[in-house]
Each structure stands twice: as structure tokens, then as C-alpha cells.
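Chain and residue survey
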Amino acid sequence: MRALTWHGRRDVRVDTVPDPVLEQPDDVVVQITSSGLCGSDLHLYEVLTPFLSPGDVLGHEPMGVVAEVGPAVTELSVGDRVVIPFNVSCGHCWMCGRGLQSQCETTQNREQGTGASLFGYTALYGQVPGGQAEYLRVPFGNSLPIRVPQGPPDDRFLFLSDVLPTAYQAVQYAATPADGTLVVLGLGPIGDMCTRIAAHLGVRQVVGVDLVPERLARVEARGIPALDLSHGDDEVLGAIRSMTRGRGADAVIDAVGMEAHGSPVAAAAQKVVAAMPSGLGRTVMETVGSDRTAALELAIGAVRRGGTISLSGVYGGSATPLPMLTLFDKQVQMRMGQANVWRWVPDLLPLLGDDDPLGVDHFATHRMPLEEAAQAYSMFQDKTDGAVKVLFTP
Ligand SMILES: NC(=O)c1ccc[n+]([C@@H]2O[C@H](COP(=O)([O-])OP(=O)(O)OC[C@H]3O[C@@H](n4cnc5c(N)ncnc54)[C@H](O)[C@@H]3O)[C@@H](O)[C@H]2O)c1
Ligand SMILES: [Zn+2]
Ligand SMILES: [Zn+2]
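1. Topic: the overall build of the chain
Looking only at helices and strands, the chain has 13 helices and 15 strands in total. Reported as C-alpha extents along the three principal axes, the dimensions of the chain are approximately 60 × 50 × 45 Å. Put simply, the chain has 394 residues, and 52% of those count as buried.

2. A closer look at the site of ligand 1
The environment of ligand 1 is made up of 34 residues, and the closest members are G39, S40, G186, G188 and G257. Of all elements in the fold, only α1 (39–46), α5 (189–200), β9 (205–210) and α10 (294–302) reach the threshold of two or more residues within the shell around ligand 1. Residue contributions to the shell around ligand 1 peak at 4 residues, all from α1. A breakdown of the residues in the shell around ligand 1 according to their chemical character gives 18 nonpolar, 13 polar and 3 charged. Shared between two domains, the shell around ligand 1 takes at least three residues from each, and those domains are domain 1 (2–162 + 340–393) and domain 2 (164–336).

3. Here we look at unusual backbone geometry
At K383, a residue that is not glycine, the phi angle is positive and equals roughly 55 degrees. Note on placement: K383 falls in the loop between α13 (373–382) and β15 (390–393). With a phi close to 60 degrees, D385 is a non-glycine residue in the positive phi region. Along the chain, D385 falls in the loop between α13 and β15. By C-beta crowding, D385 is classed as partly exposed, having 13 other C-beta atoms within 10 Å.

4. Some points on the packing of helix α4 (residues 163–174) against helix α12 (residues 341–348)
Contact geometry for α4 and α12: axes closest at 9 Å, N-to-C directions at 90 degrees. If you check the angle between α4 and α12, you find them roughly perpendicular. Note on element contacts: α12 touches α4 through V341, W344, D347 and L348, opposite L164, P165, Y168 and Q169. Among the residues forming the contact of α4 with α12, the class breakdown is 6 nonpolar, 1 polar and 1 charged.

5. Overview of the nonpolar core
Within the largest apolar cluster, 118 residues are counted, with the highest numbers of intra-cluster contacts made by L185 and C194. Residues lining this core come from more than one domain, with at least three contributed by each of domain 1 (2–162 + 340–393) and domain 2 (164–336). Non-local contacts of C194, meaning those with residues more than four positions away in its chain, are made with A167, A170, V171, V184, I253 and A255.

6. Points about the sheet that holds strand β11 (residues 249–254)
Here we have 6 strands laid out as an open sheet, ordered β10-β9-β8-β11-β12-β13, and parallel in their pairing. Looking along the sheet, the strands with just one partner apiece sit at the ends: β10 (226–228) and β13 (333–336). Strand-to-strand, the axes of this sheet are offset by a mean angle of 20 degrees, without reference to chain direction. Seen against the sheet, α4 touches β8 (181–185), β11, β12 (303–311) and β13 and runs at an angle of roughly 160 degrees to β12.

7. Brief notes about the domain arrangement of the chain
Under the domain assignment used here, the chain contains domain 1 (2–162 + 340–393) and domain 2 (164–336). The gap between the C-alpha centroids of domain 1 and domain 2 is 24 Å. Domain 1 puts 26 residues into the contact, and the matching count from domain 2 is 30 residues. Every element with two or more residues in the side of domain 1 that touches domain 2 is listed here: α1 and α12. Of all the elements, α1 adds the most residues to the side of domain 1 that touches domain 2, at 5 residues. Class assignment for the residues of the side of domain 1 that touches domain 2 results in 13 nonpolar, 7 polar and 6 charged.

8. Examining the environment of G55
Tracing the sequence through the fold places G55 in the loop between α1 and β4 (62–69). G55 sits in the partly exposed class, given 13 other C-beta atoms within 10 Å.

9. A short note on the confidence of the model for the chain
Looking at the chain as a whole, its pLDDT mean stands at 94, while 94% of the residues score no less than 70. Predicted confidence in the chain is weakest over helix α9 (residues 278–287), with a mean pLDDT of 66, and strongest over strand β5 (residues 81–83), with 99.

10. Comments concerning the environment of A387
Along the polypeptide, A387 turns up in the loop between α13 and β15. Separated by 180 residues in the primary sequence, A387 and V207 place their C-alpha atoms 21 Å from one another.

11. A closer look at the pairing of strand β2 (residues 11–16)
Two strands pair when backbone bridges link them, and strand β1 (residues 2–8) and β2 are joined in this way by 6 bridges, in the antiparallel orientation. Within β2, the residue paired with W6 across the bridge is V12. Where β1 hands over to β2, the hairpin turn is made up of 2 residues, of which R10 adopts a positive phi near 55 degrees.

12. Thoughts on the packing of α4 against α5
Closest axis-to-axis distance for the α4/α5 pair is 8 Å, and the angle between their directions is 60 degrees. One finds that α4 runs oblique with respect to α5. Between α4 and α5 lies a crossing whose hand is right-handed. Here V163, L164, T166, A167, Y168, A170 and V171 of α4 come into contact with α5, specifically with P189, I190, M193, C194, I197 and A198. In terms of residue class, the contact of α4 with α5 is built from 12 nonpolar, 1 polar and no charged.

Calculation criteria
Residues numbered from 1 in each chain as written. Chains lettered and ligands numbered in written order. Predicted model: local features only at pLDDT ≥ 70, side-chain atom pairs only at ≥ 80, totals over all residues. Helix = DSSP H or I, 4+ residues; strand = E, 2+ residues; numbered from the N terminus. Buried ≥ 20, exposed ≤ 12 C-beta atoms within 10 Å, placed from the backbone. Near = placed C-beta within 6 Å. Nonpolar A, V, L, I, M, F, W, Y, C, P; charged D, E, K, R; others polar. Domains from an automatic or database assignment. Axes fitted to C-alpha atoms, helices over the stretch in contact; angles between N-to-C directions. Parallel < 35°, antiparallel > 145°, perpendicular 65-115°, else oblique. Contact = placed C-beta atoms within 7 Å. Core = buried A, V, L, I, M, F, W, Y, C linked by C-beta atoms within 7 Å. Pairing = 2+ DSSP bridges. pLDDT = per-residue confidence, 0-100. Left-handed = near helix turned anticlockwise from the far one by under 90°.

Next comes the structure, spelled out in C-alpha cells:
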């Protein structure tokens, strides 16, 4: 089959690789009809390179049609339409039972000291082949795939794999009081969807922040004010204070993560680490602060005393310094983590009807053949051609 494979820093290619096969009795193989490109894939493209091997198949936002089922699969049949969550979670362990699918105890990566395996996401998370491909082997066929109705276009359901549950969890973790103010830093797919969900759930004042003009415009077009960070942190912080009687926001979502714009020293360090041989690069990432924390610092500045920071942006360094004095003094609560996809599916499915309150049908800005995936990575990374959300058609 054809699949998007990683070869090195900023080097991904569509190659012919072996077709996936059923390995366990409850596996299914899904023929992929649409597959998303995520901001998390950009970390693999550029920064997390010490944790990848040439030939790794990327992608964790797939949907498609069940092509093969193992003998122990009773809940799905060939031809069913399914979305695959990015967490590889068993559905029946202690953690899954508590809605913490990203910590699934059946797929936790204990040698790496990390949580549940993820599709297409490095040796840190199980090195499971990903879904930017023609076919995908999916374990736990009785519980992991999300069966969706036939009929509406793929765009209606695809975002259940990642964008929707990630944004929903970020908004829930932010726990903004109904009469309060929520600031969303970063208006890529995740931040944009956070603003839509928060507004839909009735948060009184939602404000976005980014520095890419068309991303700001896209959010403003839905009636959400958006602040332009290219005017500088101080201007953004001043605007947030003036909207909140000088106190700051009740809650801030960081939907940016480790590659934030505005951290020049760490940006240079990330480039150096990415160019190192993988063993050395891993050691450095695990022992030296290597995240660009500009967005997190902005979040700490923008949140009011006693407020909440909800982190959905991914951070990767183990020794990233945090301003503990300020966090403690401001009495900030922080909640974070990979999204627990299945935890939020029952809340999200009713929002995916024909009235389309979250605007999923037109959320993607680009749909491209899988064969053009390498160009898509560089376009999404460089934020050219108005690319906000790219979907591949294998
Ligand atoms: N927690 C999860 O389960 C989960 C799931 C999906 C994605 N993510 C993470 O969420 C983050 C966002 O993902 P995305 O797909 O929207 O990616 P993206 O890269 O398209 O979006 C990031 C946005 O942040 C903006 N930005 C950069 N620096 C900024 C700053 N200092 N302040 C404000 N905005 C800034 C960029 O211009 C960009 O629009 C990534 O870190 C990704 O890895 C986490
Ligand atoms: Zn993702
Ligand atoms: Zn589990």
C-alpha cells in the first residue's frame, strides 16, 4: 500500500510499504477514506526527530471502511464506516473505565515511562504504524473504532479522531465560569475548535490569540474576537486585562505547545537537538529544557489569580523550566494531557447533525491526494496558502 513515511528532519515521503494484516483475533483492518494532518505531526516533522526511525508511518486522524475483521470481532462487520481515535486504548482496563483512555493500562509504554500508545507517534508511544496510508491495522476491534452513520461526508465525522475530543477536553479542563472569560492561545485547528465549542457551550466571553492573519480572520468570522500577537505580548495582555476589569482571564487554553513563536533561544536548541544522532538527541531532550515556552508564559501572564490554565498544546522536554513562583503566587490551577478520545464521544456525537453547530462540514481548508502529503506537511508547517486543516484522500 501507499503510506506517508518519515525519513528525517523535514523529510517525509509517500512510499510503498507492506499492507497491514490482522495480527490478533480482535484486530480489524480499515481501508482509509480520509486522514487528517495534525499540529502534533509537525512536532514529528521538526522537533521530536530523536524518537523516530526512517520508514515510520505517520498519521493519527483516520477514518474509513472496515475491510477485514479478525475471528473474535463481534461488534463490527466488513463495510462498517468507522473513525479511529488517536489513542490506542483497550476500553476495559482500570484507566479506560475512568475515561482516561490516554493512560490505558493495556497499552501504556512502561519502558518509556509514557502513557497509552498512539497511532503514528514515535517510539515514545509504541511506534504503532499510523493512518496517513491506504490501510490501517486497528487493535481492539470490538471497542476502539467509533462506528458512524453512512450518508454525510467524511468531514462530518473525521474530527472525532482528535480535533473534537482534544478541543472538548481543553474546554472542559478550563472550566470557565458561565459568566467568565476564556482566552484561547493558538488558532490552529485545535484552538479554533476550542473557541467554537466554548461559545456553543455558552461561555460568555471567548477570545482567541494568534499571529497568522487568516487564522485570526477565520475565528472572527464566527463572531469571536481575536487578538493579533504580532503586535506583541504586552498589547495582547493589556487587551485581555481591559476586557476583564484588570484581573485577567478566568481560564486560558494553550493550544500552541512546544513550537511556540517567540522563544528564539529554545528554537535554536530544538534545531540542534533534531540534528543530533538519535541516541544523543534523546538524552539531551530528556535532560535539558528544550521546549519553546512563549505561549505557556503568555498563558501564565493572561490568567487571573486563582484561574485555570488548560494545556492541550504538547510539550516534549523533560526539564523545561517553569516560573513556579508566579504559578504558586497567582494560585493557578493547571490541567493537561493527551485527549481521552472515547471519554468525550457521547458528548460530541449529538453535535454532528445536519445543523452542524460547530461547523465541521467546512472546517478543513484543504483536501489533497495522499500522494501530495509531503507538500502538505511543508505547506502546513509554513502556514502558506491559508492552510489551517488539511485532509488527505488515499
Ligand atoms: N492534547 C492533545 O491530545 C492534542 C491533540 C492534538 C493536538 N495537540 C497539540 O495542540 C497544539 C495545536 O495543534 P494544532 O493542530 O492546532 O497546531 P497548529 O500548529 O496549526 O496551531 C498552533 C497555532 O499557534 C499559533 N502560535 C504560535 N506561537 C504562538 C504564541 N506564542 N501565542 C499564540 N499563538 C501562537 C500558530 O500561529 C498556530 O496557528 C499542538 O501542540 C499539538 O501538538 C494536542
Ligand atoms: Zn493530533
Ligand atoms: Zn485500557
